[in-house]
Amino acid sequence: MSSPETTRRESTAERLTRFARESGIPLLRIGLGVVYLWFGALKLFPGGSPAQDLVERTVSALTFGIVDGDLARVSAAISEIGIALVLLSFRAPRLCAVLLVGHVVLVSTPLVLFPGEMWAGPLQASFEAQYILKNLVTVAAAVVIASSHPRVR
């Protein structure tokens, strides 16, 4: 027979599990949405983002110089704000996941485009490279968000 203390612990554990199940994905979307909105908004202003130079050079390289400078910065800002709005809308989880993975792929390209700046040696990532590599967490989040879509039977 279980004691009242054991029952209370199980009840608390069950409540915490239910809270995590019900709140996890919304909290994930809100957290990512705030970060994307914040970082995107910073890019709207010249000199507002510490990543501005890297963003401008990356977009320029990816578009073969067609999009550069302010247009590259503002394009990146608008795309990040758009992703934030999709995240915060709590709609279209699969679209949201596709946008997140696409964004991570694009923002990871400096690791290949500018290896001399990104790597001091094998597995020795620069500060900028570490900033980019943390986006692997975003890919995991995208998978979780995509999984929240109701299954079609």
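Looking at an unreviewed UniProt entry, one finds the protein chain named DoxX protein and attributed to Lentzea flaviverrucosa.

S.K.: Quick one: what's the story with the pattern of salt bridges, residue by residue and with numbers?
M.R.: A side chain of one charge can pair with a side chain of the opposite charge if their charged atoms are brought near each other. Evaluated as defined, the whole model comprises five salt bridges. With its nearest N and O atoms 3.0 Å apart, the salt bridge here joins R57 to D53. In this pair, R57 and D53 both sit in helix α2 (residues 52-62), four residues apart, roughly one turn of the helix. With a relative accessible area of 26%, R57 lands in the partly exposed category. Judged by relative accessible area, D53 falls into the partly exposed class, the value being 47%. Shared partners join several salt bridges into a network, and the residues in it are D53, R57 and E117.

S.K.: I'd love a proper account of the UniProt feature "transmembrane region" (unreviewed entry) in the protein chain, names of residues and values included.
M.R.: The positions that UniProt labels "transmembrane region" (unreviewed entry) are, in the present scheme, residues 27-45, 71-88, 95-114 and 129-147. For residues 71-88, helix accounts for 100% and strand for 0%, while the C-alpha atoms at its two ends are 25 Å apart. Secondary structure content for residues 95-114 is 90% helix and 0% strand, and the end C-alpha separation is 30 Å.

S.K.: Give me helix α3 (residues 69-89): which residues, what numbers.
M.R.: In this model α3 runs 30 Å from its N-terminal to its C-terminal C-alpha over 21 residues, within 8% of the 30 Å that 1.5 Å per residue would give. Three or more residues of α3 are buried, namely A72, R73, A76, A77, E80, I81, I83, A84, V86 and L87. Looking one or two residues past α3, F90 carries a phi angle of roughly 60 degrees, positive in sign.

S.K.: With reference to specific residues and values, describe unusual backbone geometry.
M.R.: Of note in this structure, F64 is not a glycine but carries a positive phi near 55 degrees. The residue A92 is not glycine, and still its phi comes out positive at about 50 degrees. For A92, the position within the fold is in the loop between α3 and α4 (93-108). On the basis of relative accessible area, A92 is assigned to the partly exposed category, the value being 35%.

S.K.: Lay out the side chain of E56 in plain terms, naming residues and giving numbers.
M.R.: Note on placement: E56 falls in helix α2. Filtering out sequence-adjacent residues up to four positions away, E56 remains in contact with G69, D70, A72 and R73.

S.K.: I'd like a rundown of α2, residues and numbers included.
M.R.: Each turn of an α-helix holds 3.6 residues, which means side chains three or four residues apart point in the same direction. When α2 is considered as a whole, its buried residues turn out to be Q52, L54, V55, E56, T58, V59 and S60. Count one or two residues on from α2 and you reach F64, which has phi positive near 55 degrees.

S.K.: Quick rundown of the packing of aromatic side chains? Include the residues and the values.
M.R.: Tallied over the full model, the rule gives two aromatic pairs. An angle of 25 degrees between the planes, with centres 6.3 Å apart, marks the rings of F39 and Y131 as stacked. You can see F39 sitting in helix α1 (residues 4-43) and its partner Y131 sitting in helix α7 (residues 127-133), a full 92 residues away along the chain. A relative accessible area of 27% means that F39 is categorised as partly exposed. The exposure class assigned to Y131 is partly exposed, which follows from its relative accessible area of 36%.

Parameters at a glance
- Residues numbered from 1 in each chain as written.
- Predicted model: local features only at pLDDT ≥ 70, side-chain atom pairs only at ≥ 80, totals over all residues.
- Heavy atoms only, no water.
- Salt bridge = Lys/Arg side-chain N within 4 Å of Asp/Glu carboxyl O.
- Helix = DSSP H or I, 4+ residues; strand = E, 2+ residues; numbered from the N terminus.
- Buried < 20%, exposed > 50% of the residue type's maximum accessible area, 1.4 Å probe, protein only.
- UniProt positions renumbered as here; feature names shortened; annotations may be inferred.
- Expected span 1.5 Å × (residues − 1).
- Contact = heavy atoms within 4.5 Å.
- Phe/Tyr/Trp six-rings, centres within 6.5 Å; stacked < 30°, edge-to-face > 60°.

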